[in-house]
Amino acid sequence: MEMITTFNLTKQYKGQGGCREINLSVPSGHIFGLLGPNGAGKSTLVKTLVGLLQPTSGSALILGNPLGSYKCREKIGFLPELFSYQKWLSAEELLTLHGQLYKMTKQAIKKRIPEVLTLIGLTGTEHKKVGSFSKGMQQRIGLACALMNEPKLLFLDEPTSALDPLGRRDMREIMLNLKETGTTIFLNSHLLSEVEAVCDQVAIINKGRLVAVGEMEELLTKKCEVEIELDTISPEFQREIKEWGKILAIQNNTLQIQVADKETVPLLAKKIIEAGYKLYNLHYRHSSLEDVFVQLVEGGEQQDVDHS
Amino acid sequence: MWTIAKLTYQEITHRRVFHLLLLLTLGFLLLYGLGLHYAYQDLPKDGELARIITTEFISIGLYLSAFITAFLTILGSAGIISAEVESGIIQTMLVKPLKRWEIIIGKYLGISIMLIIYGTFIYSAVLGLNYYFGREFYFLYKWNTLKALGLYLSIPLVLASVTMWGSTFLPTLNNSVMVIILYGISIIGGFIERAGSFVDKTALMNIGIITSLLMPVEAMYRKMLNVLFRSAPGQFTIFWDSFFSGKYEPSKWMLVFTVFYILFFLWRSISVFSKKDI
Ligand SMILES: Nc1ncnc2c1ncn2[C@@H]1O[C@H](COP(=O)(O)OP(=O)(O)OP(=O)(O)O)[C@@H](O)[C@H]1O
Ligand SMILES: [Mg+2]
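Quick notes on the rules
Residues numbered from 1 in each chain as written. Chains lettered and ligands numbered in written order. Predicted model: local features only at pLDDT ≥ 70, side-chain atom pairs only at ≥ 80, totals over all residues. Heavy atoms only, no water. Helix = DSSP H or I, 4+ residues; strand = E, 2+ residues; numbered from the N terminus. Buried < 20%, exposed > 50% of the residue type's maximum accessible area, 1.4 Å probe, protein only. Contact = heavy atoms within 4.5 Å. Lys, Arg positive; Asp, Glu negative; His and termini not counted. Charge placed at Lys NZ, Arg CZ, Asp CG, Glu CD. Donors = N, O, S within 2.8 Å, 3.2 Å for Na, K, Ca; no water. Buried area = accessible area lost by both parts, 1.4 Å probe. Salt bridge = Lys/Arg side-chain N within 4 Å of Asp/Glu carboxyl O. Polar contact = N/O pair within 3.5 Å; in protein donor to acceptor, adjacent residues only side chain to side chain. Near = heavy atom within 4 Å. Areas by Shrake-Rupley, 256 points an atom, 1.4 Å probe, with all protein chains shown as cover. Nonpolar A, V, L, I, M, F, W, Y, C, P; charged D, E, K, R; others polar. Domains from an automatic or database assignment. Arc of directions from axis to C-beta. 1 Å grid on protein atoms, 1.4 Å probe; cavity = no way out; pocket = protein on both sides within 12 Å on 5 of 7 lines; lining within 4 Å. Points joined across faces, edges and corners; volume = space filled by probe spheres on them. Expected span 1.5 Å × (residues − 1). Pairing = 2+ DSSP bridges. Axes fitted to C-alpha atoms, helices over the stretch in contact; angles between N-to-C directions.

K.L.:
A description of the overall build of chain A should follow, citing residues and the corresponding values.
P.N.:
Each helix and strand in chain A was counted, giving ten helices and 15 strands. Over its C-alpha atoms, taken along the principal directions, chain A stretches across nearly 75 × 45 × 35 Å. Counting every position in chain A, which comprises 308 residues, the buried fraction comes to 48%. Taking as baseline every contact in chain A between residues at least 6 positions apart, the subset at least 24 positions apart corresponds to 67%. Separation between the mean location of the 35 positive side-chain charges and that of the 37 negative ones in chain A comes to 9 Å.

K.L.:
Outline the coordination of the magnesium ion (ligand 2), listing residues and values.
P.N.:
Protein coordination at the magnesium ion (ligand 2): the donors are A:Ser43 (OG) and A:Glu81 (OE), at 1.9 to 2.4 Å from the metal. Note that A:Ser43 is positioned in helix α1 (residues 42–49) and A:Glu81 in the loop between β7 (76–79) and α2 (91–101), a separation of 38 residues in sequence.

K.L.:
Could you give an account of the interface of chain B and chain A, with specific residues and numbers?
P.N.:
Tallying the contact residues gives 24 residues for chain B and 25 residues for chain A. Carbon and sulfur atoms supply 61% of the area that chain B and chain A bury against each other, a total of about 2,500 Å² over both sides. The largest contributions to the chain B side of the interface with chain A come from B:Val95, B:Lys96 and B:Pro97, which together make up 27% of the buried area. There are one salt bridge connecting chain B and chain A. B:Asp277 serves as the salt-bridge partner of A:Lys11, at 2.5 Å between the closest nitrogen and oxygen. Counting across the chain B and chain A interface gives twelve residue pairs in polar contact (both at pLDDT 80 or more). Mapped by element, the contributors of at least two residues to the side of chain B that touches chain A are α1 (2–14) and α5 (89–94) of chain B. A per-element tally of the side of chain B that touches chain A places α1(B) first, with six residues.

K.L.:
Lay out the site of ligand 1 with the relevant residues and their values.
P.N.:
Residues and elements named next belong to chain A. Every one of the 14 residues lining ligand 1 counts as a neighbour, but Gly39, Lys42, Ser43, Thr44 and Glu81 are closest to it. Taking 630 Å² as the accessible area of ligand 1 by itself, protein coverage stands at 60%. Tallied by class, the residues present in the shell around ligand 1 amount to three nonpolar, eight polar and three charged.

K.L.:
I'd love a proper account of the domain arrangement of chain A, names of residues and values included.
P.N.:
Along its sequence, chain A is organised into domain 1 (2–215) and domain 2 (223–286). Relative to domain 2 of chain A, the C-alpha centre of domain 1 of chain A lies at a distance of 45 Å.

K.L.:
Outline helix α9 (residues 264–274) of chain A, supporting the account with residue identities and numerical values.
P.N.:
All names here are of chain A. Among the residues of α9, those classed as buried are Thr264, Val265, Leu268, Ala269 and Ile272. In an axial view of α9, the angular spread of the buried residues amounts to 135°, which keeps them on one side of the axis. Opposite the packed face of α9, turned more than 90 degrees from it, sit the exposed residues Leu267, Lys270, Ile273 and Glu274. Residues of α9 that are buried make contact with β12 (224–230), α8 (235–241), β14 (254–259) and β15 (279–286). With its phi angle positive at about 90°, Gly276 sits one or two positions after the end of α9.

K.L.:
I'd love a proper account of the layout of surface pockets, names of residues and values included.
P.N.:
Volume-wise, the largest pocket comes out at about 270 Å³. As for the largest pocket, its lining consists of 18 residues, of which A:Trp88, B:Glu11, B:Arg15, B:Ala83 and B:Glu84 are closest to the centre. Secondary structure elements with two or more residues in the lining of the largest pocket: α1, α3 (48–77) and α4 (82–87) of chain B. Take the lining of the largest pocket: its biggest share by element is three residues, from α4(B). The residue makeup of the lining of the largest pocket, split by class, is eight nonpolar, six polar and four charged.

K.L.:
Now, about the pattern of salt bridges: what can you tell me, with residues and values included?
P.N.:
Taken as a whole, this structure holds ten salt bridges over all chains when the rule is applied. For A:Asp200, the salt bridge is made with A:Lys179, and the minimal N-O distance between the two is 2.9 Å. Highlighted residues: A:Asp200 in the loop between α6 (192–198) and β10 (201–206) and A:Lys179 in helix α5 (residues 165–180), separated in sequence by 21 residues. Here B:Glu11 makes a salt bridge to B:Arg15, at a shortest N to O gap of 3.6 Å. B:Arg15 sits in the partly exposed class, given a relative accessible area of 26%. The network of salt bridges with shared partners includes A:Lys111, A:Arg112 and A:Glu115.

K.L.:
Explain empty space enclosed by the protein to me, and be specific about the residues and the numbers.
P.N.:
All names here are of chain B. Applying the stated criterion to the full structure yields five cavities of 30 Å³ or more. The space that makes up the largest cavity amounts to roughly 110 Å³. Listing elements by their share of the lining of the largest cavity, those giving two or more residues are α3, α8 (172–199) and α10 (217–228). Class assignment of the residues belonging to the lining of the largest cavity gives a composition of eight nonpolar, no polar and one charged. Put simply, the second largest cavity is a space of about 70 Å³.

K.L.:
Would you mind going over helix α9 (residues 202–214) of chain B in detail, with residue names and values included?
P.N.:
Residues and elements named next belong to chain B. Between its first and last C-alpha, α9 extends 18 Å over 13 residues, near the 18 Å set by a 1.5 Å rise per residue. Restricting attention to buried positions, one finds in α9 the residues Met205, Gly208, Thr211 and Ser212. Buried residues of α9, seen end-on, are gathered within an arc of 120° and therefore sit on one face of the element. Opposite the packed face of α9, turned more than 90 degrees from it, sit the exposed residues Thr202 and Ile210. Where the residues of α9 are buried, they touch α8, α10 and α11 (252–274).

K.L.:
Explain the sheet that holds β14(A) to me, using residue names and the numbers behind them.
P.N.:
All names here are of chain A. The four strands lie next to each other as β13-β14-β12-β15, forming an open sheet whose pairing is antiparallel. Strands with a single pairing partner mark the edges of an open sheet, and in this sheet they are β13 (246–251) and β15. Averaged over all pairs of adjacent strands, the angle between their axes in this sheet comes to 20°, without regard to strand direction.

K.L.:
Please provide a residue-by-residue account of the pairing of β14(A), values included.
P.N.:
Residue and element names in this part refer to chain A. Burial along β14 is one-sided: Leu255, Ile257 and Val259 are buried, and none of Thr254, Gln256 and Gln258, which face the opposite way, are. Sheet topology places β12 next to β14; six bridges connect them, and they run antiparallel. Looking at the pairing, Cys224 lines up with Val259 of β14. Pairing of β13 with β14, which is carried by five bridges, proceeds in the antiparallel orientation. By the bridge assignment, Ile250 is partnered in β14 with Leu255. Where β13 folds back on β14, the antiparallel hairpin that results is connected by two residues, among which Asn252 adopts a positive phi of roughly 50°.

Right, dumping it as structure tokens:
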């Protein structure tokens, strides 16, 4: 089942900025990463999906309900980018408040509070005022609030922006654990490593438009590089190998070539050996998310320049 | 909705401004009581003059206390929506399974409960102090004092509805300035109307009526005094016209208008807020 489906969803601020014509679908039980540089429109998209912003045009289904229907919100959690909570409440009071807003019963709230506190690593702070928390602790308690109702769908807008390295690792674990229990997560981030580590699917957004969507695997193997080391790289070999892809670099006895996909690699190896070359080393390297990201985002910029 | 009401009530009573205003209130009551103590000492304890003096003292007390209540209302609710939008606190509230009108109504209820408690307290304190020091009270009819309390409380409730509306689209500071100006216009309009009724000039009275329509708090204040000092059936009515009171009583249509005025601004708050991008 699709947890989120959008149809040409557009949200602009007075005709500019925001995000435009977004079409994506997020299947159940996945961690979906939305990547993009600053100002790309990530937060705009998330805020539109959770109903904080009115879409300019287009539509979307959240848990099968159209945007703005509020009943399904019982099953949604949201950690905003600029998180801020009632400073004068204690952690326990804040969580109780969110439980009540989710229309949970008293017993359910009471039972859930220690669970979420353990999950986010803030046990023992029940009676401390939220205002006395550090920024990272506030972000954690924000996540706890979003988890009170055991959401089916969780929106996280840069959830590690205030966390220390250990906190980031914890957050990763929490996300993976939540996925185990069947929670779908929509993760906004510009931290490539974070997205690469946890997400099953990624979308890359730049200047308000989606420039790539797909399985993480797929996206990463789009660009495959093979490094080949022979006894000597002859001009003849160069001519032959050109048919397989674009030569990226030649250095002494090694040659780097970009091939179509992973499946080309064994075929290429076979061909080299059959042709009688001495193959010392063949190293296959798929691109990192960073490569893909930089290429798509900078490529987009290039195109824009061309247009003008 | 009640969760929001409770939260709003707690939030306002947690603020420093609120504590400051409470201190101010105590200071005011202390001074007022002291004044009454010495004033009543040298004045006749019964008869016509005593009644006139008592109505005057009560008028002054209620006038000033209504002023403090108005400020509490404006300062307490100027940022009721806008401050939470600016800080982002409202974001996690709005994604919960509750409609936006529930937030508006819940907040209005929360602040109203606080204002009703506060208003009832300060109103009772003013009457109580006069009773304690003056003891010339038989002319106040107890049913009327309750009706007058209702009218007295309508003043902060009207202000709160307008402030709420302003808060849905104006930044906190601009909103308080806007409501204070409206409040000022209402008071000045009341003076003009009273002056008009003294010199019998309809033009002046019409200006007063128009400002009452813009912001009916002054009219409610005047109606409140008229109701309070209206004697029990069969008793002789005494009411002294002065700077702080005013003989000219707004009609009951003004009261109906005020109720619709509150509802109108709540409705506007809801419709502006429902379409607002947060
Ligand atoms: N309230 C607003 N009014 C006008 N323009 C806005 C508003 N909010 C965002 N924008 C514009 O919309 C675009 C997208 O902003 P958004 O906040 O969605 O970016 P983002 O991808 O979340 O960036 P970041 O990584 O910095 O959080 C930006 O160009 C921004 O200038
Ligand atoms: Mg953002």
